[in-house]
Amino acid sequence: MTDDQEVAGLAARLREHRLAGRLTLEGAAARVGLSPAYLSRLETGARQPSLPVLLGLARAYGTTVAGLLGEQPGEPDPVVRGGAIEPGVAGGWGYRRAGAQGRALQALRVQVPPAVQDAVVRVHPGEEWLYVLDGRLRLTLGDRTHLLDAGDSAHFDSLTPHCIAAEPPGGVELLFLHTLLQSPGGALCLGDTPRI
């Protein structure tokens, strides 16, 4: 799958989840810190969301990233085979489910290419755990920046303002675990970061 290919049915599911929550484009976009025009482009398939945008939309709509990606709910299988799932691509980030569906703890395998960086600082209820598989990760927590190499990990409260990026020259591959806690007042973006 190339970076510009749509994750099958994602645009329609984004719209369905927004409408099921009785949210206008403006209301949903405000919850996630996006512009209504950008959310509209996501819902028409003209743009593909990055993993952080998918996480924000999942929280705003009361679902999981797996649900937005169209994975069918069923009896959770405790085993996820590494080669059985093609990575999805959104906004240049590659990701695939690495844990069972329908759990409070969500697990993803994430690839962040060096040319696509997410400068948005995020804060939300929950916890996150990152484990670097390959490459070098730049993790900003509050006012401190940490460089993590393969084999390094970080576990932090998601209420700590945070930002992740691949440290040049290469990309980074990591395991990403988070709790999908929801809070109507929880903001996903802080500071003067430009909105998408």
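Further up the page is the structure itself.
Report on the accompanying structure. Everything numeric in this text was worked out from a predicted model, so none of it was measured.

Analysis parameters
- Residues numbered from 1 in each chain as written.
- Predicted model: local features only at pLDDT ≥ 70, side-chain atom pairs only at ≥ 80, totals over all residues.
- Heavy atoms only, no water.
- Salt bridge = Lys/Arg side-chain N within 4 Å of Asp/Glu carboxyl O.
- Helix = DSSP H or I, 4+ residues; strand = E, 2+ residues; numbered from the N terminus.
- Buried < 20%, exposed > 50% of the residue type's maximum accessible area, 1.4 Å probe, protein only.
- Phe/Tyr/Trp six-rings, centres within 6.5 Å; stacked < 30°, edge-to-face > 60°.
- Pairing = 2+ DSSP bridges.
- Axes fitted to C-alpha atoms, helices over the stretch in contact; angles between N-to-C directions.
- Parallel < 35°, antiparallel > 145°, perpendicular 65-115°, else oblique.
- Contact = heavy atoms within 4.5 Å.
- Core = buried A, V, L, I, M, F, W, Y, C linked by side-chain atoms within 4.5 Å.

## Observations regarding the pattern of salt bridges
Link 1 in the chain: Applying the stated criterion to the full structure yields 4 salt bridges.
Link 2 in the chain: The partner of E167 in a salt bridge is R138, and the shortest N-O contact between them spans 2.6 Å. Of the two residues, E167 is situated in the loop between β7 (162–166) and β8 (172–179) and R138 in strand β4 (residues 127–141); the sequence distance between them amounts to 29 residues.
Link 3 in the chain: In this structure R138 comes out as partly exposed when scored by relative accessible area, which is 28%.

## A short note on the packing of aromatic side chains
Link 1 in the chain: All told, the structure shown has 1 aromatic pair when counted by the stated rule.
Link 2 in the chain: Ring geometry for W129 against Y131: centres 5.9 Å apart, planes inclined by 15°, an arrangement best described as stacked.
Link 3 in the chain: Look at Y131 and you get partly exposed, because its relative accessible area is 28%.

## Section: helix α4 (residues 51–61)
Link 1 in the chain: Across the 11 residues of α4, 11 count as buried, placing the element largely inside the fold.
Link 2 in the chain: Buried within α4 we find L51, P52, V53, L54, L55, G56, L57, A58, R59, A60 and Y61.

## Here's the deal with the pairing of strand β3 (residues 105–112)
Link 1 in the chain: Judged from the 4 bridges that link them, strand β2 (residues 93–97) and β3 form a sheet pairing that is antiparallel. Bridge assignment links R96 to a residue of β3, and that residue is R109.

## Brief notes about the packing of helix α1 (residues 10–20) against helix α3 (residues 36–44)
Link 1 in the chain: The contact between α1 and α3 brings their axes to 6 Å, and the two run at 125°. Judged by the angle between their axes, α1 and α3 are oblique. Along the contact surface, α1 presents A11, A12, L14, R15 and R18, while α3 presents L39, L42, E43 and T44.

## Comments concerning the pairing of strand β6 (residues 153–157)
Link 1 in the chain: Alternating positions in β6 separate cleanly, A154 and F156 being buried on one face and S153, H155 and D157 remaining unburied on the opposite face.
Link 2 in the chain: Pairing between β4 and β6: 5 bridges, direction antiparallel. From the neighbouring strand, E128 faces β6, where its bridge partner is F156.

## A word on the environment of V123
Link 1 in the chain: Residue placement: V123 occurs in the loop between β3 and β4.
Link 2 in the chain: In this structure the C-alpha to C-alpha distance between V123 and T160, which are 37 residues apart in sequence, comes to 6.0 Å.

## As for the environment of T64
Link 1 in the chain: Looking at where T64 falls in the secondary structure, it is placed in the loop between α4 and α5 (65–68).
Link 2 in the chain: Linking T64 and R103, residues 39 residues apart in sequence, is a C-alpha distance of 9.3 Å.

## Thoughts on the nonpolar core
Across soluble globular proteins, you tend to see nonpolar side chains buried next to one another.
Link 1 in the chain: One finds L57, V110, L137 and L139 to be the most contacted residues of the largest nonpolar core, which totals 40 residues.
Link 2 in the chain: Here the element with the most residues in this core is α4; it accounts for 8 residues.
Link 3 in the chain: Not counting residues within four places of it along the chain, the set of residues in contact with L137 comprises L130, V132, H146, L147, L148, I164, A165, V172 and L174.

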